[in-house]
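Each chain is listed here by its residues.
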Amino acid sequence: MTQSDQDAREAYDCLFIVPVFNEAATLEQAILFLYSALEEVLPPTMRWDIVVADNGSHDGTDNIAKKLSVAGYAQAFFCTQKGRGLALREVLRAYPQSTLYCYCDCDIPVEPSSITRLLEPLMHEKADVAVLKRSGPRPLSRRILSLGYRFLLIALFRIHFSDVQAGIKVFHARMLPVIIHRCVENGYFFDTEFIVRAIQKKYRVVEVTAPWIEQRFSVRKSKIHPLKDSLQALKALVRIYSRFHR
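Just so it is clear, the structure is predicted and the values come from calculations on it, not from any experiment.

Draft legend 1. Region of the structure containing the packing of aromatic side chains. A full pass over the atoms with the stated rule returns 12 aromatic pairs. Taking the centre distance of 5.5 Å and the plane angle of 15° together, the rings of tyrosine 101 and phenylalanine 171 count as stacked. Here the residue tyrosine 101 occupies a position in strand E4 (residues 100–104), and phenylalanine 171 occupies one in strand E6 (residues 168–172), the gap between them amounting to 70 residues. The same class applies to tyrosine 101 as to phenylalanine 171, namely buried.

This is the structure:
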């Protein structure tokens, strides 16, 4: 992992983190879109920046991240190990001074106006974490998977949120100890452990409904494999359940 001490000391009103793994085909387009959109929808007095958190890519993603950093559109952060959750925790360790944090998948699956809707409850001190509830058309197979996952969360943890695994969340800096010291999932199911831990610790978690964009960039191929991911989800839930009751 490489990161300058100067960058690590930066403080923002909101830091936007985009974890990436082998996203060379769309990374530049995604960050330019996100940067331009945030400039338009965020308050002009808000101090913010974007961090591209590359976790072990081997397709040239790192070079694009460096190019974006030189151009001033995002800061580049590199982890040698693969893992979305791992990359997020490493970024948070390096940037502990910001007030709010938002992490978002590289396909930018919501409109920027929806990001501001997620930020609002925290900006007004009405919540500690905002979770997206996806609305709009989605493939039937993914709806079924999400519904099944929701039932398992209710059964195991009594969590009644609709979309814990949606790839965008906003949280306050007071959540950093929970994420850094209590969450150990390194991969995709970091999201679930984060929300389970937040509720366990009595933090205020709200759900914000917003339209979901299934495929913003046509050249980006989905990384979801229903059967394989279902098995991985079951394994992750068993791990999280075991730690939760330990």
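There is more to say, and it comes next.
Draft legend 2. Focus on unusual backbone geometry. In this model, isoleucine 108 sits at a positive phi of 45°, which is unusual for a non-glycine residue. The topology assignment puts isoleucine 108 in the loop between E4 and helix H5 (112–123). Phi angles above zero are rare outside glycine, and arginine 158 is one such case at about 60°. Tracing the backbone shows arginine 158 in the loop between helix H6 (140–157) and E6.

Draft legend 3. Focus on the sheet that holds strand E2 (residues 48–55). Read from one edge of the open sheet, 7 strands run E3-E2-E1-E4-E6-E5-E7, paired in mixed fashion. Two strands bound the open sheet, and with one partner strand each, they are strand E3 (75–79) and strand E7 (205–211). Recorded for the sheet is a direction-independent mean angle of 25° between the axes of neighbouring strands. Sheet analysis places strand E1 (residues 14–20) next to E4, joined by 4 bridges and oriented parallel. Looking at E4, one finds that leucine 15 is bridged to tyrosine 101. Its contacts with the sheet place helix H3 (residues 61–71) against E1, E2 and E3, and it is angled at close to 150° to E3. Sheet strands in contact with helix H4 (residues 84–94) are E1, E2, E3, E4 and E6, and its direction is about 150° off that of E1.

Draft legend 4. Geometry of the pairing of E1. Burial runs high along E1: 7 of the 7 residues are buried. Neither face of E1 is left uncovered, since the one carrying Cys14, Phe16, Val18 and Val20 and the one carrying Leu15, Ile17 and Pro19 both have all their residues buried. Alignment of E1 against E2, held across 7 bridges, turns out to be parallel. By the bridge assignment, proline 19 is partnered in E2 with alanine 53. With respect to chirality, the unit in which E1 leads through helix H2 (residues 27–41) into the neighbouring parallel E2 is right-handed.

Draft legend 5. Quick peek at the layout of surface pockets. In this structure, the second largest pocket encloses a volume near 200 Å³. As for the second largest pocket, its lining consists of Lys133, Arg134, Ser135, Gly136, Arg138, Arg143, Ser146, Leu147, Arg150, Ser162 and Asp163. Among the secondary structure elements, those contributing two or more residues to the lining of the second largest pocket are strand E5 (129–135) and H6. Broken down by element, the lining of the second largest pocket gets its largest block of residues, 4 residues, from H6.

Draft legend 6. Looking closely at H6. The end-to-end C-alpha distance of H6 is 25 Å, a good match for the 26 Å that 18 residues give at a rise of 1.5 Å each. Those residues of H6 that fall on the buried side of the exposure criterion are Arg142, Ser146, Tyr149, Leu153 and Phe157. Along H6, the residues classed as buried sweep out an arc of 65° about the axis, all on the same side. Turned more than 90 degrees away from the buried face of H6 sit Leu140, Ile144, Phe151 and Ala155, all of them exposed. Immediately downstream of H6, the backbone of arginine 158 shows phi near 60°, a positive value.

Criteria and cut-off values
- Residues numbered from 1 in each chain as written.
- Predicted model: local features only at pLDDT ≥ 70, side-chain atom pairs only at ≥ 80, totals over all residues.
- Heavy atoms only, no water.
- Phe/Tyr/Trp six-rings, centres within 6.5 Å; stacked < 30°, edge-to-face > 60°.
- Helix = DSSP H or I, 4+ residues; strand = E, 2+ residues; numbered from the N terminus.
- Buried < 20%, exposed > 50% of the residue type's maximum accessible area, 1.4 Å probe, protein only.
- Pairing = 2+ DSSP bridges.
- Axes fitted to C-alpha atoms, helices over the stretch in contact; angles between N-to-C directions.
- Contact = heavy atoms within 4.5 Å.
- Right-handed = clockwise from strand over helix to strand, strands pointing away.
- 1 Å grid on protein atoms, 1.4 Å probe; cavity = no way out; pocket = protein on both sides within 12 Å on 5 of 7 lines; lining within 4 Å.
- Points joined across faces, edges and corners; volume = space filled by probe spheres on them.
- Expected span 1.5 Å × (residues − 1).
- Arc of directions from axis to C-beta.

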